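The chain contents come next:
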Amino acid sequence: MIAGRPQGLDRPFIMSAHSPPVFAAMQALHIDNIHKRYGNVQALKGVSFDIQQGEYFGLLGPNGAGKSTLISIVAGLVRADAGQIAVLGHDVVSDFRAARKSLGVVPQELVFDPFFPVIDLLRLQAGYYGCGREQWPWIDELLEELELSDKREANMRQLSGGMKRRVLIAQALVHKPPVVILDEPTAGVDVELRRALWRFTRRLHKDGHSIVLTTHYLEEAEELCDRIAILNKGELRALEGKRALLNLHPFRLLRLSLEGRAALPEALQSKLVGEVEGEFELKLEKGKDRIADVLDAIRSAGLRVENVQTRDPSLEDIFVEMTSAEVAS
Amino acid sequence: MIAAFNSYGAWTLLRKEVRRFMKVVGQTVLAPMITSVLYLLVFDQVMRDRVEVYDGVAYTAFLIPGLMMMSVIQNAFANTSSSLIQSKIMGNLVLLLMTPLSSLEMFLAFVGAALLRGVLVAAGVYVVAIFFVPLPLEAAWAALLLLVLSSGCLAVLGIIAGIVADKFEHLAAFQNFFIMPLSFLSGVFYSIHSLPPFWREVSHYNPFFYMIDGFRYGFFGVGDASPLLSVAVVSGFFLALSVICLAMLHTGYKLRP
């Protein structure tokens, strides 16, 4: 049984300096052996992991991996067939009130109630959590932070997609939840807004909130997250610190072009992973494949290198390798 | 400390639901009033010298409680069902389902708002109707009790329909093939004593008949059935629907798959 309340859960939990973040010795999220089936599709196959308080955690996976199902179970929108989830020690089913008060979820879709202006939506949402007028200054602060102050009386229908996204973020934060889940918050937003949202979530994280981010933009996860889980086909494929994940596959990439746009020698074809406009990308295993040997092979074939550069694999390379290996198998 | 009952949350949802229908008051309150008055004008012209259902009660007067209750039935149902189906289709229902509101709190808030709309519409029809014909109030307790219970029944039925329906079409079918026939065939425009024996017997199995007959008893002190029986049947209907509805909300049927 998951029992007990985190210390200070009732204390204000805000971004401003006059209120310190709450930390207690339990996980922000405890996910234990979650199974979920939709008809013939097994969406989650016994997923288990923990997210510590104060973490900026990335949850990655291709479409249909089970990320949104998992988040929906955490949020109480979907019921698991088996397994248990707790938010700050509160079971999401048996102790749903405390669990949901500790949690703010920014949904993936741009959903809104068309009857009310932004300020009313936020105050109503706070009300559902039992927060009254005392929460209004915080709501004003959120509007300010998210650059929505001049839209407070606007109806959601009048707002752009980016603005709607900001309102949804504000709605998730009206009750000052210690744990915040952002389900693809930057999907379909322009670069400027994406950067603004990054800054905002970084600030939330800095002020003590535990953040869980799902995203399709892997550079976003690489930039923001401390630890990353990769889900694929309903199973947990990786759960590592960002650095450890990047080192999980010890290879480097060598990009080169040959004089006269010559073809790559036969001896190097097995290492070729990509070719774009006469530039070859070779995957070299660290400690086994030496760059000097590659250059020797080119010279032996009577060819000359025109340009060469190396790079370490990005999260995207690792993600693609992991998920495509799954597909191949 | 987290309270056992999130009263402020439930109160907020109730206020929101009331504000939602008040924002379109012309459509949700005034339009049903006008419809009822039109019924009244037409039937009054056609029937007033031909029918006297109860001794000393003009047909127009007889008609008014029936029309009031018919408006209550349709509007209490529409309030909860349309709110839920709109939220489902717009997708914003998730913003409510993620909150720490329990099934009972949501139930009470939705029913409370629909009940208020039902009472407002009934009161509006009453205020307009008494310009046409004086209306006694012989047993106010019965009228008030049946008004609240009937409004509650249809509010709960609206929640059930809103949960089950996946699109507006499903809701319209529920309204057209269930609510409308049962309300029209429940004695709004006639006394069931004027029906052939078979249909008179069948009417006794229609809970809407007890809503209208008991409510009408409140005005004239006479009815086709005992007012206590009407209160008992409608209370039982309300309790049965409430149990089904709360079970659906609690198990997350079609809401939390």
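Predicted model, so just to flag it, every value in this text is computed and none were measured.

**Q** Report on the overall build of chain B, specifying residues and quantitative values.
**A** Within chain B one finds ten helices and zero strands. Put simply, chain B runs from its N terminus to its C terminus through helices and strands in the order α-α-α-α-α-α-α-α-α-α. Relative to the compact-globule value of 18 Å for 257 residues, chain B shows a C-alpha radius of gyration of 19 Å, a close match. Considered along the principal axes of its C-alpha atoms, chain B spans approximately 60 × 35 × 35 Å.

**Q** Tell me about the overall build of chain A, and please be specific about residues and values.
**A** Counting secondary structure elements, chain A contains ten helices and 14 strands. C-alpha atoms of chain A, sized along the principal axes, occupy 80 × 45 × 40 Å. With 329 residues in all, chain A has 53% of them scored as buried. When contacts within chain A are restricted to residue pairs at least 6 apart in sequence, long-range pairs at least 24 apart make up 69% of them. Approximately 14800 Å² of chain A is accessible, and the part contributed by carbon and sulfur atoms is 48%.

**Q** Could you give an account of helix H1 (residues 67-75) of chain A, naming the residues involved and the relevant values?
**A** Residues and elements named next belong to chain A. Burial analysis of H1 places eight of its nine residues in the buried class, the great majority of the element. When we look at burial in H1, the residues that qualify are Lys67, Thr69, Leu70, Ile71, Ser72, Ile73, Val74 and Ala75. At the C-terminal side of H1, Gly76 shows a positive phi close to 85°.

**Q** Residues and numbers for the pairing of strand S10 (residues 235-241) of chain A, please.
**A** All names here are of chain A. In this sheet, S10 lies alongside strand S9 (residues 227-232) in antiparallel orientation, the contact comprising six bridges. In the sheet register, Ile230 faces S10, and the bridge partner there is Ala238. Between the antiparallel neighbours S9 and S10 lie two residues, among them Lys233 with a positive phi of about 50°.

**Q** Which residues make up the nonpolar core, and what are the values?
**A** In terms of nonpolar packing, the biggest core is built from 166 residues, with Leu29, Leu70 and Ile85 of chain A together with Leu154 and Met211 of chain B touching the most fellow members. Take this core: its biggest share by element is 15 residues, from helix H3 (residues 59-90) of chain B. Beyond its immediate chain neighbours, meaning those up to four positions away, Leu154 of chain B contacts Ile73, Ala76, Phe77, Thr80, Ile179, Phe208 and Met211 of chain B. Counting twelve residues, the second-largest nonpolar core is a separate cluster that includes Leu254, Ala262, Leu268 and Ile298 of chain A.

**Q** Lay out the interface of chain A and chain B with the relevant residues and their values.
**A** Interface size, as often reported, equals the accessible area lost upon joining of the parts. The partner chain B presents 36 residues to the 34 residues of chain A that form the contact. Carbon and sulfur atoms make up 63% of the area that chain A and chain B hide from each other, which totals about 3000 Å². Ranking the residues of chain A by area buried against chain B places Arg97, Phe115 and Tyr128 of chain A at the top, with a combined share of 27%. The tally of links between chain A and chain B comes to three salt bridges. Here Arg97 of chain A ties to Glu105 of chain B by a salt bridge, and the two come within 2.6 Å at their closest N and O atoms. Between the two partners, chain A and chain B, sit 15 residue pairs in polar contact (both at pLDDT 80 or more). Of all elements in the fold, only helix H2 (96-101), helix H3 (118-128) and helix H5 (161-173) of chain A reach the threshold of two or more residues within the side of chain A that touches chain B. Here the residues of the side of chain A that touches chain B are counted per class, giving 18 nonpolar, six polar and ten charged.

**Q** I'd like a description of the sheet that holds strand S12 (residues 272-276) of chain A, backed by residues and values.
**A** All names here are of chain A. Taken together, four strands build an open sheet; the order of strands is S12-S13-S11-S14 and the sheet is antiparallel. In this open sheet, the two edge strands, each paired with only one partner strand, are S12 and strand S14 (305-311). Strand-to-strand twist in this sheet, taken as the mean axis angle between neighbours without regard to direction, amounts to 20°. Pairing of strand S11 (residues 251-258) with strand S13 (residues 279-285) involves seven bridges; the strand directions are antiparallel. The partner of Leu256 across the bridge, within S13, is Phe280. Strands in contact with helix H9 (residues 291-300) are S11, S13 and S14; relative to S11, the strand with the most contacts, it is inclined by about 25°.

**Q** An account of the domain arrangement of chain A is requested, with residue identities and associated values reported.
**A** One can read the domain layout of chain A as domain 1 (29-243) and domain 2 (250-312). When each unit is reduced to the centre of its C-alpha atoms, the spacing between domain 1 of chain A and domain 2 of chain A is 43 Å.

**Q** Talk me through the pairing of S13 of chain A; I want residue IDs and the actual numbers.
**A** Residues and elements named next belong to chain A. As paired elements, S12 and S13 share four bridges and run antiparallel to each other. Note that in S13 the partner of Leu272 across the bridge is Leu282. Connecting S12 to the next strand, S13, in antiparallel fashion are two residues, including Glu277 with a positive phi near 45°.

**Q** How would you sum up the sheet that holds strand S8 (residues 210-214) of chain A? Please name residues and give values.
**A** All names here are of chain A. The six strands lie next to each other as S6-S7-S8-S3-S9-S10, forming an open sheet whose pairing is mixed. Of all the strands in the sheet, just strand S6 (103-106) and S10 have a single pairing partner and so form its edges. Adjacent strand axes in the sheet meet at a mean angle of 15°, parallel and antiparallel pairs treated alike. With four bridges connecting them, strand S3 (residues 56-60) and S8 associate as parallel partners. If you follow Leu59 over to S8, its bridge partner there is Thr214. This element, H5, spans S6 and strand S7 (179-183) of the sheet and lies at about 165° to S6.

**Q** Could you give an account of the packing of aromatic side chains, naming the residues involved and the relevant values?
**A** The way to describe two aromatic rings as a pair is by their centre distance and the angle between their planes. Under the defined criterion, the tally for this structure stands at eleven aromatic pairs over all chains. Between Phe49 of chain A and Phe57 of chain A, the aromatic rings sit 5.4 Å apart at their centres with planes inclined by 10°, giving stacked as the arrangement. On the accessibility criterion, Phe57 of chain A (0% relative accessible area) is buried. By way of ring pairs, the aromatic residues Tyr126, Phe215, Phe219 and Phe220 of chain B are connected into one cluster.

**Q** Give a detailed account of the side chain of Ser103 of chain B, specifying residues and quantitative values.
**A** For Ser103 of chain B, the location among the structural elements is in helix H5 (residues 103-129). Those residues in contact with Ser103 of chain B, other than ones at most four positions away along the chain, are Leu246, Leu249 and His250 of chain B.

**Q** Outline helix H7 (residues 168-184) of chain B, supporting the account with residue identities and numerical values.
**A** Residue and element names in this part refer to chain B. The end-to-end C-alpha distance of H7 is 22 Å, a good match for the 24 Å that 17 residues give at a rise of 1.5 Å each. A bend of about 30° at Gln175 is the largest found in H7. Those residues of H7 that sit buried are Leu171, Ile179 and Ser183. Where the residues of H7 are buried, they touch H3, helix H6 (140-164) and helix H9 (207-220).

**Q** Any details on the pattern of salt bridges? Residues and values, ideally.
**A** Per the stated rule, a full pass over the model turns up 21 salt bridges over all chains. Two residues, Glu55 of chain A and Arg227 of chain A, come together in a salt bridge whose shortest N-O distance is 2.5 Å. Of this pair, Glu55 of chain A sits in the loop between strand S2 (41-51) and S3 while Arg227 of chain A sits in strand S9; the two residues are 172 residues apart in sequence, bridging distant segments of the chain. The exposure class of Glu55 of chain A is buried, given its relative accessible area of 9%. Where Asp296 of chain A meets Arg299 of chain A, a salt bridge forms, and the shortest distance between an N and an O atom there is 2.8 Å. Separated by three residues within a single helix, Asp296 of chain A and Arg299 of chain A lie in helix H9, roughly one turn from each other. One connected set of salt bridges, linked through shared partners, spans Asp113 of chain A together with Lys16, Glu17 and Arg20 of chain B.

What counts and how
Residues numbered from 1 in each chain as written. Chains lettered and ligands numbered in written order. Predicted model: local features only at pLDDT ≥ 70, side-chain atom pairs only at ≥ 80, totals over all residues. Heavy atoms only, no water. Helix = DSSP H or I, 4+ residues; strand = E, 2+ residues; numbered from the N terminus. Rg over C-alpha atoms; globule rule 2.2 N^0.38 Å. Buried < 20%, exposed > 50% of the residue type's maximum accessible area, 1.4 Å probe, protein only. Contact = heavy atoms within 4.5 Å. Areas by Shrake-Rupley, 256 points an atom, 1.4 Å probe, with all protein chains shown as cover. Pairing = 2+ DSSP bridges. Core = buried A, V, L, I, M, F, W, Y, C linked by side-chain atoms within 4.5 Å. Buried area = accessible area lost by both parts, 1.4 Å probe. Salt bridge = Lys/Arg side-chain N within 4 Å of Asp/Glu carboxyl O. Polar contact = N/O pair within 3.5 Å; in protein donor to acceptor, adjacent residues only side chain to side chain. Nonpolar A, V, L, I, M, F, W, Y, C, P; charged D, E, K, R; others polar. Axes fitted to C-alpha atoms, helices over the stretch in contact; angles between N-to-C directions. Domains from an automatic or database assignment. Phe/Tyr/Trp six-rings, centres within 6.5 Å; stacked < 30°, edge-to-face > 60°. Expected span 1.5 Å × (residues − 1). Bend = angle between axes of the 7 residues up to and from the residue.

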